[in-house]
Amino acid sequence: MKVITILGSTGSIGTQALEVAKKHNIKIKALAAHSNVELLAEQAKEFNVEYACIYIEEKANKLRQLLSDTDIKVLTGMEGLKFIAALDNVDCMLNSVVGMVGLTPTLTAIEHETDIALANKETLVAGGELVTKSAKEHGVNIYPVDSEHSAIFQCMQGNKKSQVRKIILTASGGPFYGKTKEDLKSVTVKDALNHPNWSMGNKITIDSSTLMNKGLEFIEAMWLFDLKPEQIEIVVHRESVVHSAVEYNDCSVIAQMGVPDMKIPIQYALLYPDRMECPTKPLSLTDYGKLSFAKPDYQTFDCLTACIKAITLGGTMPAVVNGANEEAVAEFLKGNISFLQIGELVTSALENIKKEEITCLEDVLNADNKARMFVIEKIKTL
Ligand code: NDP
Ligand code: MG
């Protein structure tokens, strides 16, 4: 029986992963969430875990109370996340927390030679160099959960990586496909949270509407598959059926398709290399009839442009755009800035914060912090 742990079990990816775990009898040793103690306690009991971690320390007593009739040990804070990441006899840790906070536990799990199923893309964007280097050194596998990266990973099975010419990273285009900057001036939080194809957590849904998500995924793909920027073509594909594709030297293009349901890539990451029945519906191409493909609009969606510039500059710059975006999205969700200001703040952070080299985790955390401070200060002047 496979044994896993899940960081971010109460979120969109976390709850779908638990559905997959239930179907395939995967044992869950530990779960972690940020503040949703009620759901975490319910999950911890249902899956009879050994440890439950609530990040917000003030909520730990409530969790203890909810679990007082069990032997489940309660953890809290970053120490709690690191404790789970360091547990022995775990086949895989699913990291599905949202944001840069996932980086430290990812590195801890790798140092303890635990494979990672990675949904938390911010981890690879900010700390890709550290994560991939450490994974190589410790012989740890990183199984992508992000649908596009799972697709690319699947399209690479049985082929030689050295014969990959490029990858085609598909993008739904989000709710504002075809709009101009002028059209986007009056966008509300509700408009931006209305994704056409996927139901996801708030942060990634906003990232999808600004195309920051595709920028983050561009960087994520470079680290996961050891690619250069010029080997990645972003193609807008409104239907989200072709989840991405790989072109080989012989011009053969292998794509992975399926209905837009995250349970498919989650399950592939958790059960790799097995392909068992998945609690989703099969794809009917004739129901779709037609699939469309188009070039992205880099002028309107400046977050995408900023991400590609950041990874081309290298060093701490991807951590800078990611940190600036995390802060800007949080402010947008609170109603403190407009939709277009997200892209302006990310671009401004990229242009004004000095690039440093990354030698250790501190360098990444400092760059992240600088970017957040930059955005906070800049918003005060708006
Ligand atoms: P959600 O907002 O739905 O869930 C986030 C989860 O992380 C929640 O369980 C939350 O707990 C937990 N969390 C947040 N901060 C902490 C913390 N400091 N310590 C412990 N747990 C924490 O996000 P999603 O599930 O949508 O996304 C998760 C990640 O997966 C993101 O990086 C996203 O980009 C990526 N991803 C998501 C996809 C999707 O379809 N949803 C698709 C591809 C990638 P609480 O509930 O208590 O707040
Ligand atoms: Mg994706």
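Residues numbered from 1 in each chain as written. Chains lettered and ligands numbered in written order. Predicted model: local features only at pLDDT ≥ 70, side-chain atom pairs only at ≥ 80, totals over all residues. Heavy atoms only, no water.

(A) Structural view of the coordination of the magnesium ion (ligand 2). Within the protein, the magnesium ion (ligand 2) binds to Asp146 (OD), Glu148 (OE) and Glu217 (OE); these donor distances fall in the range 2.0 to 2.2 Å. We note that the donor set of the magnesium ion (ligand 2) lies within a single chain, spaced as D-x1-E-x68-E. In this pair, Asp146 is assigned in the loop between strand S7 (142–144) and helix H7 (147–155) and Glu217 in helix H11 (residues 212–225), connecting sequence segments 71 residues apart. Looking at Asp146, the relative accessible area reads 8%, which means it is buried. Judged by its relative accessible area of 1%, Glu217 is buried. (Donors = N, O, S within 2.8 Å, 3.2 Å for Na, K, Ca; no water. Helix = DSSP H or I, 4+ residues; strand = E, 2+ residues; numbered from the N terminus. Buried < 20%, exposed > 50% of the residue type's maximum accessible area, 1.4 Å probe, protein only.)

(B) Fine view of the packing of aromatic side chains. Enumeration over the complete set of coordinates arrives at eight aromatic pairs. When the centroid spacing of 5.1 Å and the interplanar angle of 35° are considered together, the rings of Tyr143 and Tyr272 count as tilted. Of this pair, Tyr143 sits in strand S7 while Tyr272 sits in the loop between helix H12 (263–271) and helix H13 (285–288), and the two are 129 residues apart along the sequence. Taking relative accessible area as the criterion, Tyr272 reaches 24% and is therefore assigned partly exposed. Over the ring of Tyr51 we find Lys73; its NZ or CZ atom is 5.4 Å from the centre of that ring. (Phe/Tyr/Trp six-rings, centres within 6.5 Å; stacked < 30°, edge-to-face > 60°. Lys NZ or Arg CZ within 6 Å of the ring centre and 35° of its normal.)

(C) Representation of the site of ligand 1 in the model. If you check the shell around ligand 1, you find 25 residues, and the closest are Thr10, Ser35, Asn36, Glu122 and Gly201. Here His34 contributes a backbone N or O atom positioned 3.0 Å from an oxygen atom of ligand 1. Computed on the free molecule, ligand 1 has an accessible area of 900 Å², of which 89% lies beneath the protein chains in the complex. When contributions to the shell around ligand 1 are tallied by element, the ones reaching two or more residues are helix H1 (12–23) and helix H6 (121–138). The residue inventory of the shell around ligand 1, partitioned by class, reads eleven nonpolar, eleven polar and three charged. (Near = heavy atom within 4 Å. Polar contact = N/O pair within 3.5 Å; in protein donor to acceptor, adjacent residues only side chain to side chain. Areas by Shrake-Rupley, 256 points an atom, 1.4 Å probe, with all protein chains shown as cover. Nonpolar A, V, L, I, M, F, W, Y, C, P; charged D, E, K, R; others polar.)

Keep in mind these values describe shape, not function.
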